[in-house]
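Residue-level structure breakdown
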Amino acid sequence: MPFPHATARAACAALAALMLAGPALPGPACAAPKEYGPQYQRYVIDVPEGWSENVREQGDGALTLTSPDGKSSLSVRLCPREGRRVEALARRAATNLSVSSWRRQEEDVWVLYVTSENVRVRNIIRPMGEAVMVISVSGENERTQAMIASLQPGPGA
């Protein structure tokens with residue numbers, strides 16, 4: 001499915017840089033799966049009870065979930081891949097940013113670590129349909145890994 005805006009190409013390149021440059025922003029929740037994301041690629045994630053959410057309604061529909069104590073957050077953004085390999089996108093992000101370390105987690109899944117404002121942020125770059133998903137986690141929490149594992153393409157994707 002084609003992406004709606006020509007500016008999506010430029011936004012995608014900037015997206016990884018923005019997500020990797022700083023910690024996730026605060027953001028409401030529920031104990032059931034919820035659907036988010038831009039119209040071109042929706043996704044579903046299990047949101048734990050008590051987590052707050054912040055959804056950017058414009059553009060990429062970025063989502064930020066914040067733990068009840070405010071010490072952990074998880075952000076999800078999508079951008080078009082436009083035929084590019086995830087590895088190439090991860091290498092470009094690692095080259096353009098002050099990445100402290102990065103590695104292949106599994107085929108087509110890359111993990112990059114960035115320290116911003118003395119906070120270590122784990123960034124996961126992986127494909128989802130015709131898009132690339134950038135997941136940023138700060139302040140590790142027992143729930144964040146379960147949320148990442150729950151991420152699936154939305155209905156009709």
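Residues numbered from 1 in each chain as written. Predicted model: local features only at pLDDT ≥ 70, side-chain atom pairs only at ≥ 80, totals over all residues. Heavy atoms only, no water.

Comments concerning the pairing of strand β8 (residues 119–128)
Note on strand geometry: in a regular strand, side chains alternate between the two faces of the sheet. Which entries qualify depends on this criterion: Relative accessible area decides the class of each residue, using a 1.4 Å probe on protein chains only: under 20% of the type maximum gives buried, over 50% gives exposed, and in between gives partly exposed. Going along the chain from the N terminus, every DSSP run of H or I of four or more residues is numbered as a helix, and every run of E of two or more is numbered as a strand. Here a strand pair is declared whenever DSSP counts at least two bridges between the two strands.
In terms of burial, β8 is largely enclosed, as seven of its ten residues are buried. Inspection of the sheet shows strand β7 (residues 109–116) paired to β8 by seven bridges, in the antiparallel sense. Each residue of the ladder has a partner; that of S116, found in β8, is V119. Between β7 and β8, which pair antiparallel in sequence order, lie two residues; one of them, E117, sits at a positive phi of approximately 50 degrees. From the end of β8 to the start of strand β9 (residues 131–138), which pair antiparallel, there are two residues, and G129 there has a positive phi angle of about 60 degrees.

Considering unusual backbone geometry
In the Ramachandran plot, E82 falls in the positive-phi region, its phi being about 50 degrees despite a non-glycine side chain. Position of E82 relative to the elements: it lies in the loop between β5 (73–80) and α2 (86–96).

A look at the nonpolar core
Filter applied, for reference: For the purposes of this section, nonpolar cores are sets of buried Ala, Val, Leu, Ile, Met, Phe, Trp, Tyr and Cys residues that join through side-chain atoms within 4.5 Å. Residue contacts follow a heavy-atom distance rule, with two residues in contact if any of their heavy atoms lie within 4.5 Å.
Formed by 23 residues in total, the largest nonpolar core has its most connected members in Y43, I45, L65, L74, M133 and I135. Of all elements in the fold, only β2 (43–46), β4 (63–66), β5, β7, β8, β9 and α3 (142–150) reach the threshold of two or more residues within this core. Sort the elements by how many residues they give to this core and β9 lands first, with four residues. Here I135 is in contact with L74, S75, R122, N123, I124, R126, I148 and L151, once residues within four sequence places are set aside.

A few points about the sheet that holds β8
Strand pairing in a sheet relies on backbone hydrogen bonds. The paired strands run either parallel or antiparallel. Spelled out, the test is: Structural elements are reduced to axes, namely lines fitted to C-alpha atoms, with helices fitted over the stretch in contact, and the angle between N-to-C directions of any two is expressed from 0 to 180 degrees.
In spatial order, the strands read β3-β4-β5-β9-β8-β7-β6; together these seven strands make up an open sheet with antiparallel pairing. The open sheet has two edge strands with one neighbour each: β3 (52–55) and β6 (99–106). Each strand of the sheet is rotated relative to its neighbour by a mean of 20 degrees, with strand direction disregarded. Taken strand by strand, α2 contacts β6, β7, β8 and β9, and its axis lies near 15 degrees from that of β7. Strands in contact with α3 are β4, β5, β8 and β9; relative to β8, the strand with the most contacts, it is inclined by about 15 degrees.

Points about the pairing of strand β1 (residues 33–36)
Note: β1 against β2, four bridges, orientation antiparallel. Paired with E35 across the bridge in β2 is V44. Counted between consecutive antiparallel strands, the loop separating β1 from β2 contains six residues, among which G37 sits at a positive phi close to 105 degrees.

Section: the confidence of the model for the protein
To keep it simple, the criterion reads: A score between 0 and 100, pLDDT records how confident the predictor is in each residue.
With 78% of its residues at a pLDDT of 70 or more, the protein has an overall mean of 78. In the model of the protein, helix α1 (residues 8–21) stands out as the element of lowest mean pLDDT, 39, in contrast to β4, which has the highest, 95. Within the model, the stretch residues 1–30 combines pLDDT values under 50 with 71 contacts to residues more than four positions away or in other chains.

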